[in-house]
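Read off the chains here:
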Amino acid sequence: SWLEVWCVCFSPSLYELVQAGWSKCWSRRENRPYYFNRFTNQSLWEVPVLGQHDVISDPLGLNAAPSEGGDSSHGNEQRKRRMSEEQGANQNSFKRAKVSCRACDWSPTTPISPSTPGVKPWTAEDKPPTAAPLTIYWDLDIQTNAVIKERGPAPHLPPHPEMELQRAQLVTKLRQQYHELCLQREGIEPPRESFNRWLLERKVIDKGHDPFLPSDCDPVVSPSMFREVMNDIPIRLSRIKYKEEARKLLFRYAEAAKKMIDSRNASPESRKMVKWNAEDTMNWLRRDTSASKEDYMDRLEHLRQQCGPHLAAVAKDSVEGICSKIYQLSVEYSRRLRQTHLSLLQACPSPTEPRLLYCYPVRLSVSSVPLPRVELHFENDVACLRFRGEMVKVNRGHFSKLELLYRYSCIDDPRFEKFLSRVWCLLKRYQAMFGGGVNEGFGLQGALPVSVFEALHKHFGVSFECFASPLNSYFKQFCSAFPDTDGFFGSRGPFLSFSPVSGSFEANPPFCEELMDAMVTHFEELLESSSEPLSFIVFVPEWRDPVTPALTRMEKSRFLRQQLSVSAYEHEYRSGSQHICKRDDMYYQAVHGTAVFFLQNSAGFSKWGPTPERLNEFKASYRPSLSRCLSSPGPAHISPVDVDSTHISPVDRDSTYLSAT
């Protein structure tokens, strides 16, 4: 054809590339050209070089150099000549490549990754019919300023889909057993999110090998789980809006207290006290039908004060038994998982001497074995990954983010052969952590708005998140709960095991009191031991009734440089389900106030101190956008006027605390 004649006369090397199946195409996702081979389905960013035979991506040797007469030096000269011709080609070569695409009757596609063999590239059919503008909730170009002491590889076992599937099944089974124990022993539903908070509280003190399930904790009885179950005995108290609801709640509490004291081995004095107060309350409800909501609530509070200590005394052993049983089951499941996992792997530790360097993702000391195949397909704008019938989902934007994080952080899989399996393990781990209830667990993954992260980086040099995940992180460097699955995507491991000596950090921990208290202890130790610039900007809920220990300790810390308070319903968070939720559900209003603390040592204060100018810019970034339709889990709704009047009150280190109004 005329094209072949033209290629032979003017560009022999281009003709050979076309004959070998190569075409130059344009990647709309990466906004740059790439090279695709229609025979081998191989994609490359760089110009292909004939003669380099890759047995994995080119098993038939279609791209190998043709055999030529003469010695090998002559062949090397020929290859050098072809490379120089390709490197010296002008922009017209791109037009010629487009012509070759039409001549080969092949339509260009956009690859998932230039080095992902065996995976079908993205085609026009995979994309949604109406292309909406892509909203980015991260900035992965910001380099870190966090400096740490060099550490050896983490001793965690590398993830495996078989093991992650078994772990998810055991966690689901443990949740069900917790539910059954609460119903059988106390006749109540387990407190909402109490299992998730139990996991967080246990991991603060856990010294076991499993990255998820607690297996070596002291004490065995969890204070968090014990406290929450005891608070729902004899019934769970809910928020009351109307008088009739208050009347029913009071009657149910009195009836449940009487029934409970009759069925337990209580002392005669406790039995007499509870039954007398319960019957007196029931008689009062029958006599007085004109009481107000406040009267019912006052009577309920009086009944709780009179009966509560006696009910707690008879339920104490039973609730401790629930907590102990759940922990023992977790220990057994953890042991079973580790034995199965070790049968697949072999350990090879490699300790090194610590030295100061910029932080890097967690490296596992155990080599990964070949992973089983995970299927990938797209449903509109959602990536679906399936392994042995178990499917996990993530939207296309976050799937691309995971691919970028993997390219930045993973060092043992340059050809992306284990990428899909590790993404499946990551998504399955967090799915198991969140739980199966509607919107359950997503509050643990709430994140600050993008505008706040931008202000923190611009004015305070923040480049690192202390509590995040590959799914909700803004920076590409962060700490997360699961180093084995998250390390391949940029995680530096759990923050309580992370010991930086320099850097500026943002901390927005999950709202677990024990975890926040341990976090403050870690902050104090790091700031005390480092003479390099070190700064932590901490975001915690402003719980004042009762006040949390973490809040009190940070207010009294000698490293506190500034304190701010943001009022409830006047600021927002990014949803913890941002990787699967709709765009309209991306943000939600905070139903509680947020306290912001600037903890810095002297060098950190000199470099990133909260000056009035910086604080003004930071406050402006916290105001929610009026263009968004906010969906709040709370009962109230704010108007645009309320949004504009967001009030953040600064509090100096030596002054008393002023709450926002």
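Residues numbered from 1 in each chain as written. Predicted model: local features only at pLDDT ≥ 70, side-chain atom pairs only at ≥ 80, totals over all residues. Heavy atoms only, no water.

Draft legend 1. The overall build of the protein, seen in detail. Regarding its fold elements, the protein presents 19 helices and 16 strands. Among the 661 residues that make up the protein, the fraction classed as buried is 51%. Residue pairs in contact within the protein that sit at least 24 positions apart in sequence constitute 71% of those at least 6 positions apart. Accessible surface, the protein: about 31,800 Å² in total, of which carbon and sulfur atoms supply 52%. (Helix = DSSP H or I, 4+ residues; strand = E, 2+ residues; numbered from the N terminus. Buried < 20%, exposed > 50% of the residue type's maximum accessible area, 1.4 Å probe, protein only. Contact = heavy atoms within 4.5 Å. Areas by Shrake-Rupley, 256 points an atom, 1.4 Å probe, with all protein chains shown as cover.)

Draft legend 2. Summary view of a negative patch on the surface. Among the surface-exposed residues, E294, D295, D298 and E301 lie close enough to one another that they form a single negatively charged patch. Position of E301 among the secondary structure elements: in helix α10 (residues 293-342). Classification of E301 by relative accessible area gives partly exposed; the value is 39%. (Patch = residues over 30% accessible without salt bridge, like charges linked within 9 Å, V, L, I, M, F, W, Y side chains within 5 Å. Salt bridge = Lys/Arg side-chain N within 4 Å of Asp/Glu carboxyl O. Lys, Arg positive; Asp, Glu negative; His and termini not counted. Charge placed at Lys NZ, Arg CZ, Asp CG, Glu CD.)

Draft legend 3. Here's a closer look at unusual backbone geometry. The omega torsion of the bond from I233 to P234 falls at 5°, within 30 degrees of zero and hence cis. Examined against the element boundaries, P234 turns out to sit in the loop between α7 (223-231) and α8 (243-263). Note the cis peptide between D545 and P546, where omega equals 0°. By secondary structure assignment, the location of P546 is in the loop between β11 (534-541) and α16 (549-555). One non-glycine residue, E193, lies in positive phi territory at about 65°.

Draft legend 4. Quick look at the environment of W543. Note that W543 resides in the loop between β11 and α16. Measuring from C-alpha to C-alpha, the distance between W543 and G593 comes to 7.7 Å, with 50 residues separating the pair along the chain. Discounting chain neighbours no more than four positions away, the residues touching W543 are F511, E513, M516, T548, L551 and H592.

Draft legend 5. A look at the packing of helix α11 (residues 396-409) against helix α12 (residues 419-434). Taken N-terminus to C-terminus, the directions of α11 and α12 make an angle of 115°; their axes are 11 Å apart at the nearest point. Crossing hand, α11 versus α12: right-handed. Side by side, α11 and α12 meet where F399, L402, E403 and Y406 of the first sit next to F419, L420, R422, V423 and L426 of the second. Across the contact of α11 with α12, the residue classes tally to seven nonpolar, no polar and two charged. (Axes fitted to C-alpha atoms, helices over the stretch in contact; angles between N-to-C directions. Left-handed = near helix turned anticlockwise from the far one by under 90°. Nonpolar A, V, L, I, M, F, W, Y, C, P; charged D, E, K, R; others polar.)

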